[in-house]
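Commentary on secondary and tertiary structure
The primary structure of each chain is shown beneath.
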Amino acid sequence: MNEVKKPRQPMIFYYVLAIVAIILFNSLVSPLLFSPRVTEVTYDEFMTMTEDKKVAEVMVEDNQIMFSDAEGNLYKTGLMDDPDLTSRLYASGAKFSSEIVEQMSPLLSFLISWLLPLALMIGLGQYFSKKLVEKAGGGAGSMMFGMGKSNAKVYVKSTSGIKFDDVAGEDEANEILSEIVDFLHNPKKYEEIGAKMPKGALLVGPPGTGKTLLAKAVAGEANVPFFSISGSEFVEMFVGMGAAKVRDLFKQANEKAPCIVFIDEVDAIGGKRDGRIGGNDEREQTLNQLLTEMDGFEGSKGVVILAATNRPESLDPALLRPGRFDRRVPVELPDLQGREAILKVHAKKVQLQKNIDFAAVARAASGASGAELANIVNEAALRAVRDGRRLVTQADLEESVEVIIACYQKKNRVMSDKEKMVVAYHEIGHALVAAKQSESAPVHKITIIPRTNGALGYTMQVEENEHFLLTKEELENKIATFTGGRAAEALIFGQITTGASNDIEQATRLARAMITRYGMSDEFGMVAMEQLQNQYLGGDTTLACSNETANHIDEVVRGQIAAPYDKAYRILQENLQQLHALAKYLYEHETITGEEFMDILHKTTPQIAAATAAQQ
Ligand code: ADP
Ligand code: ZN
């Protein structure tokens with residue numbers, strides 16, 4: 001793709017340049033141009049001229065004498081000790097004056113010393129900016145020095161570009177957007193029926209899910225130019241600049257129609273106008289300009305605006321009104337199948353061994369975004385190169401999942417035997433509690449090789465079938481699983497460690513959500529006491545209840561974790577034999593896969609072992 005970006009120069013640069021030019025002009029150029037010529041003469045010439053009555057005006061200064069003749073020519077000469085000079089000059093009829101050099105009128109001098117350099121500057125600036133624009137091949141802008149021009153990157157060629165096939169796992173988004181592509185291909189079909197195409201669509205979803213990629217794919221499929229600009233680029237230091245940029249962007253887009261205009265991070269300009277005093281004027285003006293432009297242009301011309309955001313709730317409602325971004329395209333994190341498809345798309349770019357099981361990799365990479373999955377494939381290829389291999393293997397991919405999800409494996413970091421033992425029991429504690437509660441997800445793999453992010457052990461929980469609704473019981477089981485690590489430490493060593501901090505955090509968050517958002521506690525019932533904000537950016541919550549209630553919630557949360565902890569402790573106690581066997585295996589091998597885990601679990605469970613023995 002051919003990306004043309006104009007150089008950006010801050011405004012302050014031009015101000016400084018103007019001031020420097022004025023100073024230089026005043027100190028160097030104007031004395032040469034505007035000070036009158038003064039001829040230096042000898043003292044006796046001066047005396048002769050005095051005698052000949054040729055001196056019209058004279059001024060005696062500290063170290064020289066300035067004088068002029070009748071024609072107005074200026075002369076100067078050195079000062080001599082000449083007591084009669086004054087009387088002789090008087091006799092010759094010369095006028096004594098204190099200011100001999102004729103002054104320019106103040107207006108003229110102001111014009112010459114200030115406006116002339118400025119005018120020169122502007123002239124030069126326009127000349128150069130025109131040259132730049134000509135070179136860049138874009139339309140000439142109207143503002144001087146190219147200030148206030150949009151820095152929209154213009155991808156004039158999009159044929160070589162991205163197609164919908166490159167975007168995997170976002171079928172819903174693909175479907176909605178392919179209608180736009182069809183419109184761009186064949187606007188007549190829609191016009192005949194009298195249907196109006198939506199002017200804009202808002203791509204909503206967490207970072208790295210392929211929103212930019214989708215917008216490019218729309219342009220690629222429709223084979224139209226692609227203008228892309230980030231919302232934050234509109235927000236400038238000077239009021240009015242952002243609005244000018246918006247105007248310019250739409251002007252360019254109209255010239256190139258049909259085309260796609262993509263505005264990334266639209267929330268940077270399109271945030272709610274809350275009417276606060278001292279709010280961001282600039283942003284508001286920019287937003288207003290955007291609204292005006294969107295209302296102004298004819299939808300039938302074929303300019304389609306796609307915007308991306310991960311904070312849809314913070315957008316100004318005016319933007320979401322029909323006739324503006326009235327289509328909302330959810331671009332969510334990919335599910336299991338989606339992840340597999342994305343991995344396959346990116347795997348096409350690398351040399352793979354045969355029979356790679358992408359499903360297994362996708363299952364391990366639960367929660368990864370498209371960008372992270374792309375990264376996983378690349379990491380796997382890097383790993384193959386590092387090992388001097390020509391093909392990427394299954395192991396490369398699986399290892400990369402761990403690298404991307406849990407940071408780099410650090411084999412050389414030494415852990416004492418005692419620590420290793422504690423971590424082994426801790427991790428098996430989680431896994432065993434999970435396995436024993438029928439509805440919890442089985443374990444994919446546990447490893448106790450320390451990683452750079454500080455996690456000593458690492459349990460990969462795998463959900464065989466992802467589901468979206470969780471029952472109260474399932475949530476309680478999840479909490480029990482989180483507390484299983486700490487329970488194992490307490491049960492086996494009678495000591496507790498710092499290793500459980502992350503588990504505690506997650507358990508607390510879940511327990512809190514059950515009470516304040518899911519209405520799952522008997523005390524409070526179905527009352528929302530917290531509101532989720534920034535759903536796509538980690539999800540902070542704000543409390544919406546009285547202080548007393550908040551205190552009470554804290555207490556109930558405690559109970560909501562204590563009960564599952566007791567349950568986890570009991571499960572481990574009842575399966576002590578299995579716990580020991582599994583922890584021993586993990587301690588010795590440092591990793592244990594899901595199958596090995598289930599194997600040992602069954603072998604060491606007396607009833608199951610007896611049952612299998614009887615079958616044979
Ligand atoms: P966003 O704009 O949502 O933050 P991007 O579109 O910039 O995300 O995605 C970054 C990169 O991640 C893309 O260039 C692509 O390589 C990869 N990627 C993300 N989502 C997908 C997807 N659904 N299918 C294929 N690749 C994807
Ligand atoms: Zn843990």
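A brief report on the enclosed structure follows. (Residues numbered from 1 in each chain as written. Chains lettered and ligands numbered in written order. Predicted model: local features only at pLDDT ≥ 70, side-chain atom pairs only at ≥ 80, totals over all residues. Heavy atoms only, no water.)

Here's the deal with the overall build of the chain
Put simply, the rule is: Working definition: helices are DSSP H or I runs of at least four residues, strands are E runs of at least two. Numbering for both runs from the N terminus. Burial classes: relative accessible area under 20% of the type maximum marks a residue as buried, over 50% as exposed, and values in between as partly exposed (1.4 Å probe, protein chains only). Between two residues, a contact is recorded if the distance between any of their heavy atoms is within 4.5 Å.
Each helix and strand counted, the chain has 22 helices and 17 strands in total. For the chain, the residues scored as buried account for 43% of the 616 residues in total. Once local pairs closer than 6 in sequence are excluded, the contacts in the chain between residues at least 24 apart make up 73%.

A few points about the side chain of Lys-211
As a reminder of what qualifies: We score Asp and Glu as negative and Lys and Arg as positive, and we do not count His or the chain ends. When a carboxyl oxygen of Asp or Glu is within 4 Å of a side-chain nitrogen of Lys or Arg, the pair counts as a salt bridge.
Mapped onto the elements of the fold, Lys-211 is located in helix α7 (residues 211-222). Of the side chains with opposite charge, Asp-264 comes closest to the buried, unpaired Lys-211, at an N-O distance of 6.4 Å. Among residues more than four places away in sequence, those in contact with Lys-211 are Leu-203, Val-204, Gly-205, Pro-206, Phe-262, Ala-308, Thr-309 and Val-331.

Re a negative patch on the surface
Defined as follows: Like charges are joined within 9 Å and nonpolar side chains (Val, Leu, Ile, Met, Phe, Trp, Tyr) within 5 Å, but only among residues with over 30% relative accessible area and no salt bridge; these make up the patches. Under the convention used here, a 1.4 Å probe and the Shrake-Rupley method define accessible areas, while residue burial counts only the protein chains that appear. For charged residues, the charge sits on one atom: NZ in Lys, CZ in Arg, CG in Asp, CD in Glu.
Taken together, the side chains of Asp-171, Glu-172, Glu-175, Glu-332 and Asp-335 define an acidic patch exposed on the protein surface. With respect to the helices and strands, Asp-335 occurs in the loop between β12 (327-330) and α12 (336-347).

Quick notes on the environment of Arg-570
Assignment of secondary structure puts Arg-570 in helix α19 (residues 547-574). Each C-alpha atom of the pair Arg-570 and Val-433 lies 9.5 Å from the other, and the pair is 137 residues apart in sequence.

Topic: unusual backbone geometry
At Asn-223, a residue that is not glycine, the phi angle is positive and equals roughly 60°. Positionally, Asn-223 belongs in the loop between α7 and β9 (226-230). Phi is positive for Glu-265, close to 45°, though the residue is something other than glycine. What makes Glu-265 partly exposed here is its relative accessible area of 37%.

Some points on the sheet that holds strand β6 (residues 95-96)
Using the following cut-off: Note on pairing: two strands pair once DSSP finds at least 2 bridges between them. The angle between two axes is taken between their N-to-C directions and runs from 0 to 180 degrees, where each axis is a line fitted to C-alpha atoms and a helix contributes only its stretch in contact.
Judged by pairing direction, the sheet is mixed, and its 5 strands sit side by side in the order β2-β5-β4-β3-β6 without closing on themselves. The open sheet has two edge strands, β2 (38-40) and β6, and neither has a second partner. Docked against the sheet, helix α2 (residues 43-51) engages β3 (55-60), β4 (64-69) and β5 (74-78), running at close to 40° with respect to β4.

Focus on the side chain of Gln-560
Positionally, Gln-560 belongs in helix α19. By relative accessible area, which is 12% here, Gln-560 ends up buried. Residues contacting Gln-560, with those up to four places away along its chain left out, are Glu-476, Ile-479, Ala-511, Met-514 and Ile-515.

Topic: helix α11 (residues 281-296)
Convention followed: How far a helix is expected to stretch is found by multiplying one less than its residue total by 1.5 Å.
Here α11 contains 16 residues, and its C-alpha end-to-end distance of 22 Å stays within 8% of the 22 Å for a straight helix at 1.5 Å per residue. Taken residue by residue, α11 has Glu-282, Arg-283, Thr-286, Leu-287, Gln-289, Leu-290, Leu-291, Glu-293 and Met-294 as its buried positions. Elements that come into contact with the buried residues of α11 comprise α8 (231-234), α9 (241-256), β10 (259-264), α10 (267-270) and β11 (303-309).

Considering the site of ligand 1
So the rule is basically this: Any residue with a heavy atom positioned within 4 Å of a molecule or strand is treated as near that molecule or strand. Each polar contact in these results corresponds to two N or O atoms within 3.5 Å; when the atoms are within protein, one needs to be able to donate a hydrogen and the other to accept it, and residues that are neighboring in sequence are counted only if both atoms are side-chain atoms.
Every one of the 15 residues lining ligand 1 counts as a neighbour, but Ala-168, Gly-208, Lys-211, Thr-212 and His-346 are closest to it. In the model, a nitrogen atom of ligand 1 is placed 2.8 Å from a nitrogen or oxygen of the His-346 side chain. Burial of ligand 1 by the protein chains amounts to 78% of its free accessible area of 560 Å². If one sorts the elements of the shell around ligand 1 by residue count, α7 sits on top with 3 residues.

Concerning the pattern of salt bridges
In total, this model carries 14 salt bridges according to the counting rule given. Among the ionic pairs, Glu-179 bridges to Arg-327, the shortest N-O distance being 3.1 Å. Of this pair, Glu-179 sits in helix α5 (residues 171-185) while Arg-327 sits in strand β12, and the two are 148 residues apart along the sequence. One salt-bridge network, in which partners are shared between bridges, spans Arg-383, Asp-387, Arg-389 and Asp-396.

As for the environment of Glu-399
Within the secondary structure, Glu-399 sits in helix α15 (residues 394-406). Sequence separation between Glu-399 and Arg-383 is 16 residues, and the spatial gap between their C-alpha atoms is 8.9 Å.

Things to note about the nonpolar core
Rule in force here: Nonpolar core, defined: a set of buried Ala, Val, Leu, Ile, Met, Phe, Trp, Tyr and Cys residues in which side-chain atoms within 4.5 Å join the residues together.
Counting residues in hydrophobic clusters, the biggest one holds 28 residues, and the most contacted among them are Leu-177, Ile-180, Leu-184, Leu-203, Val-218, Ile-260 and Leu-306. Going through the elements one at a time, α5, β8 (200-204), α7, β10 and β11 are the ones with two or more residues in this core. In this structure, Ile-180 is in contact with Met-197, Ala-201, Val-218, Val-304 and Leu-306, ignoring residues within four places of it in sequence. Within the second largest apolar cluster, 26 residues are counted, among which are Leu-202, Leu-249, Ile-263 and Ala-307.

Brief notes about the packing of aromatic side chains
Stated formally: Paired rings are identified among Phe, Tyr and Trp, the last through its six-membered ring, by centres lying within 6.5 Å, and are further divided according to the angle between planes into stacked (under 30 degrees), edge-to-face (over 60) and tilted (the rest). Any Lys NZ or Arg CZ found within 6 Å of a ring centre and within 35 degrees of that ring's normal is scored as a charge over the ring.
Inspection of the entire model under this criterion finds 7 aromatic pairs. A ring pair is formed by Phe-46 and Phe-67, whose centres lie 4.8 Å apart and whose planes are at 45°; its orientation type is tilted. Separated by 21 residues along the polypeptide, Phe-46 in helix α2 and Phe-67 in strand β4 bring together distant segments of the chain. On the basis of relative accessibility, which here comes to 0%, the residue Phe-67 falls in the buried class. Both rings, one in Tyr-425 and one in Phe-493, keep their centres 5.6 Å apart while their planes meet at 85°; by these two values the pair is edge-to-face. Placement of Tyr-425 in helix α16 (residues 417-436) and of Phe-493 in helix α17 (residues 472-493) is noted, with a sequence separation of 68 residues between them. Using a relative accessible area of 23% as the deciding quantity, one classes Phe-493 as partly exposed. Clustering of aromatic rings is evident, with ring pairs tying together Tyr-43, Phe-46, Phe-67 and Tyr-75. Taking the ring centre of Tyr-587 as reference, the NZ or CZ of Lys-420 above it sits at 5.1 Å.

Structural notes on the packing of α16 against helix α20 (residues 576-589)
Heads up, the rule is: Our angle categories are set so that under 35 degrees counts as roughly parallel, over 145 as roughly antiparallel, 65 to 115 as roughly perpendicular, and the remainder as oblique. Crossing chirality is assigned from the near helix's rotation relative to the far helix, an anticlockwise turn below a right angle marking it left-handed and a clockwise turn marking it right-handed. Note that Gly is not counted as nonpolar here; it falls among the polar residues with everything else outside the nonpolar set of Ala, Val, Leu, Ile, Met, Phe, Trp, Tyr, Cys and Pro and the charged set of Asp, Glu, Lys and Arg.
At a closest axis distance of 8 Å, the pairing of α16 and α20 adopts a crossing angle of 130°. When the axes of α16 and α20 are compared, the pair comes out oblique. Of the two possible hands of crossing, α16 and α20 adopt the one that is right-handed. Between α16, through Asp-417, Lys-420, Met-421, Ala-424, Tyr-425, Glu-427, Ile-428, Gly-429, Leu-432 and Lys-436, and α20, the contact on the second element is made entirely by Gln-578, Leu-579, His-580, Leu-582, Ala-583, Leu-586 and Tyr-587. The residue makeup of the contact of α16 with α20, split by class, is 10 nonpolar, 3 polar and 4 charged.

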